[in-house]
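Here is what each chain is made of, one letter per residue.
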Amino acid sequence: MTWWIFIHFYLWQNSLRRWWEQPLSLLSKLVVAGLLGMLGAFVILGLRELGAQLDRRLNDRETLAVVISETIPKSAAAGIISSEETGGDSWRLLGNGVSTFLQAAASAEVGDGPRVPVVAVANPERHGLVDDFYLLTRRLPENQAVEFLVGKHRSEAWTRLPPDDVNLLMGGRDVLMGDVVRLSAVLSNGFTRSTILHAGSLADVRTAHDIGMAMSRVEGRQLVIQSNLRILLELEKVRSIQAQSLWWVTIGSSAVLGLVFGSLAWMEFREERYLLSLIRTFGVGRWTLLAHALIENCILATGGVLLGFGFLQLVISRMNLDALKMSWLGAAGSLYGSEGQVLLLGAALGGILACLPIAIGLRKPLGLVLK
Amino acid sequence: MKINCRSLSYRYPGAEHCVFKSLDIGFPNHVTLLRGYSGCGKSTLLRLAAGFLKPTEGVVEVEGLLKPGTREFFRKHLSFVFQDLNLLPLASVERNLHLSSQIAGAPVELARKWLEILGLWDLRKRPVERLSGGQRQRVAIARALAKQPKVLILDEPTSGLDVDNANIIKTAVKEFTASGATVCVIATHDQRLDEIADDLVDFHSFLSLAE
């Protein structure tokens, strides 16, 4: 095996000497790989930022919440009020939690402030409220009694902070809340039934939309469905583009590296063909020589990409990214994760592709090369 | 042992005509000198005999050994000295010899013997690229012999060399082939090598007769 080690030692010695004598060839390989690495890093970081922006927009709201609203006319109101089922339970299969609120057509006067909507719930205890009237507000301290007037009915309500679902539905406005039985007189003039469904997945959100539209069509009901479906679909699309772009950048980098390295490697091979053929006359196989070319190209390609990453980080560390509104570039350090590894693999693939002309060249009979 | 070339034809890729056609020639285990004008096909025949070229037609066989052209044949049994540089230029003289011997499985100590015979012992540590043409040619011969090949093929081994260098090479080849265990074929115009030849083939005449 000593000779095998020596042959590889000699081949590396020869490579180092070539790099020393023809630094432009080495530099052009590293620069091309480095530029491709930087370009890939830009694409990855840009797409990652786009996804993060959408994530942030979604985090502002209840991401997978769906609100299904339906206007119930006076003629149908009494029937729904008197039944135990207020209409929300049929959605329960699609999510982790369902709340139904009945918003009366009338509103309430509370002190000297603006009129507030009147909302009834079938199970107030689910929202931490016992059998009473409540003014859900952030303006006043909790557990304070306030007087209100709905129609001709005057009474008192306790102040409470609004639960999340009520906030989601009313957008932070004050609400007078009571159970369905207490507010049945107000509701009997008609109301808007809103069901908040906390879906388990994007697919469930989509199903909720499909079911709502089917119910509108088949039963002739006027359902209004609100959700983040559009943004969720956008996010899904961005993530898919992110994954595809990574592959395209990787494949593109491989192809460009393959072509550039291949043409340079071919020129170098033509200069060294005599020497390699000579080594073959000693009984050293083509595969040994090809393996050396392959390792050399892979080292230069991946080394170039890593240098590109490093250079990008160096430049970034010296820039005021916030002032340039490019703070997303600050995540360049995280490129050493799986996406960076895919880019490195692509570069290595480019190095392997570059060996194809060498593999073809090594097939030439020794007698046609050696003189 | 003998190299047999039977019904051998060879045409270079892209060429219209064959260099030679249906050639039958044998090289027994002694020193054969091939003569002939430049371009008559001597070097082509040597490359075919070594297995560096594949014949267009016909076969080359080495009695009792593997088929020429295999890696095993190159490693263990064949030493071929080309007209041009055929050494590893970055390696030292000694390293060139040791590598060849190690690949062949020949004792490395033999390298010393041939380095001394060929007057290279003092130069053994020097990189080949820093040697003169005559010294390089002697290193090539030393490397070929240190491997202890069964087939030794030399293509113009003394061309362009001065008398002293040519004599050194002649002496070394004579000593190596003295045992009669090696098939040695030398293509040359140099008449100084006639005295070590057992056979002398005028390749041009041989081809004419064959046709």
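Conventions adopted
Counting starts from 1 at the beginning of each chain's written sequence and moves along it residue by residue. Whichever chain is written first is A, and whichever ligand is written first is 1; the rest continue in order. Note on the predicted model: pLDDT of at least 70 is required for a residue's local features to be given, and 80 or more for side-chain atom pairs to be given and counted; whole-chain, interface and lining totals, by contrast, use all residues. The side-chain quantities take in all heavy atoms of the structure and omit both hydrogens and water. The contact criterion used throughout is that any non-hydrogen atoms of two residues lie within 4.5 Å. As used here, buried area is the combined drop in accessible area, with a 1.4 Å probe, of two parts when they are placed together. Salt bridge criterion: a side-chain nitrogen from Lys or Arg within 4 Å of a carboxyl oxygen from Asp or Glu. Under the scheme used here, helices are H or I runs from DSSP no shorter than 4 residues and strands are E runs no shorter than 2 residues, and both carry numbers assigned from the N terminus. Note on residue categories: nonpolar means Ala, Val, Leu, Ile, Met, Phe, Trp, Tyr, Cys or Pro, charged means Asp, Glu, Lys or Arg, and polar means any other residue, Gly included. Buried Ala, Val, Leu, Ile, Met, Phe, Trp, Tyr and Cys residues that are joined via side-chain atoms within 4.5 Å together make up what is termed a nonpolar core. Accessibility here uses a 1.4 Å probe with only protein chains present; expressed as a share of the type maximum, an area under 20% marks a residue as buried, one over 50% as exposed, and anything in between as partly exposed. Like charges are joined within 9 Å and nonpolar side chains (Val, Leu, Ile, Met, Phe, Trp, Tyr) within 5 Å, but only among residues with over 30% relative accessible area and no salt bridge; these make up the patches. Residue-level accessible areas treat just the shown protein chains as cover; the underlying method is Shrake-Rupley with a 1.4 Å probe. Asp and Glu count as negative and Lys and Arg as positive, but His and the ends of the chain are not part of the count. We put the charge of a Lys on NZ, of an Arg on CZ, of an Asp on CG and of a Glu on CD. Whether two strands pair comes down to DSSP finding at least two bridges between them. Axes here refer to lines fitted to C-alpha atoms; in helices the fit is confined to the stretch in contact. Angles between the N-to-C directions go from 0 to 180 degrees.

To continue, consider the interface of chain A and chain B. Taken together, the contact between chain A and chain B spans 24 residues of the former and 25 residues of the latter. Of the roughly 2300 Å² buried at the junction of chain A and chain B (both faces included), carbon and sulfur atoms supply 70%. On the chain A side of the interface with chain B, the three residues burying the most area are W3, F6 and F282 of chain A, jointly 28% of the side's total. Where chain A meets chain B, there are one salt bridge. We note a salt bridge from E129 of chain B to R17 of chain A, for which the minimum N-O separation is 2.8 Å. Going through the elements one at a time, α1 (2-21), α7 (229-281) and α11 (366-369) of chain A are the ones with two or more residues in the side of chain A that touches chain B. When grouped by side-chain class, the residues that make up the side of chain A that touches chain B number 14 nonpolar, seven polar and three charged.

With that settled, the discussion passes to the environment of K113 of chain B. Tracing the backbone through its elements, the reader meets K113 of chain B in helix α4 (residues 109-117). Separated by 32 residues in the primary sequence, K113 of chain B and L145 of chain B place their C-alpha atoms 9.9 Å from one another.

Another point: the nonpolar core. Residues I279 of chain A together with I3, F20, F27, L34, L45 and L88 of chain B are the most contacted members of the largest nonpolar core, which totals 58 residues. Of all the elements, α7 of chain A adds the most residues to this core, at six residues. Those residues in contact with F27 of chain B, other than ones at most four positions away along the chain, are M1, K2, I3, C5, T32, L34, L45, V183 and V185 of chain B. Counting residues in each nonpolar core, the second largest holds 33 residues, with V31, L97, C184 and I186 of chain B among its members.

Moving on: a positive patch on the surface. Together, R286 and R363 of chain A together with K54, K67 and R71 of chain B give the surface a local cluster of positive charge. Counting through the fold element by element, R71 of chain B comes out in helix α2 (residues 71-77). According to the relative accessible area criterion, R71 of chain B is partly exposed, its value standing at 43%.

Now for the sheet that holds strand β4 (residues 57-62) of chain B. All names here are of chain B. Taken in spatial order, the three strands of this open sheet run β2-β1-β4, and their pairing is antiparallel. Both outer strands of the open sheet, β2 (20-28) and β4, are each paired with one neighbouring strand and no more. Strand after strand, the sheet turns through a mean of 10° between neighbouring axes, direction not considered. In the sheet, strand β1 (residues 2-10) pairs with β4 via five bridges, with the strands oriented antiparallel. Within β4, the residue paired with N4 across the bridge is E61.

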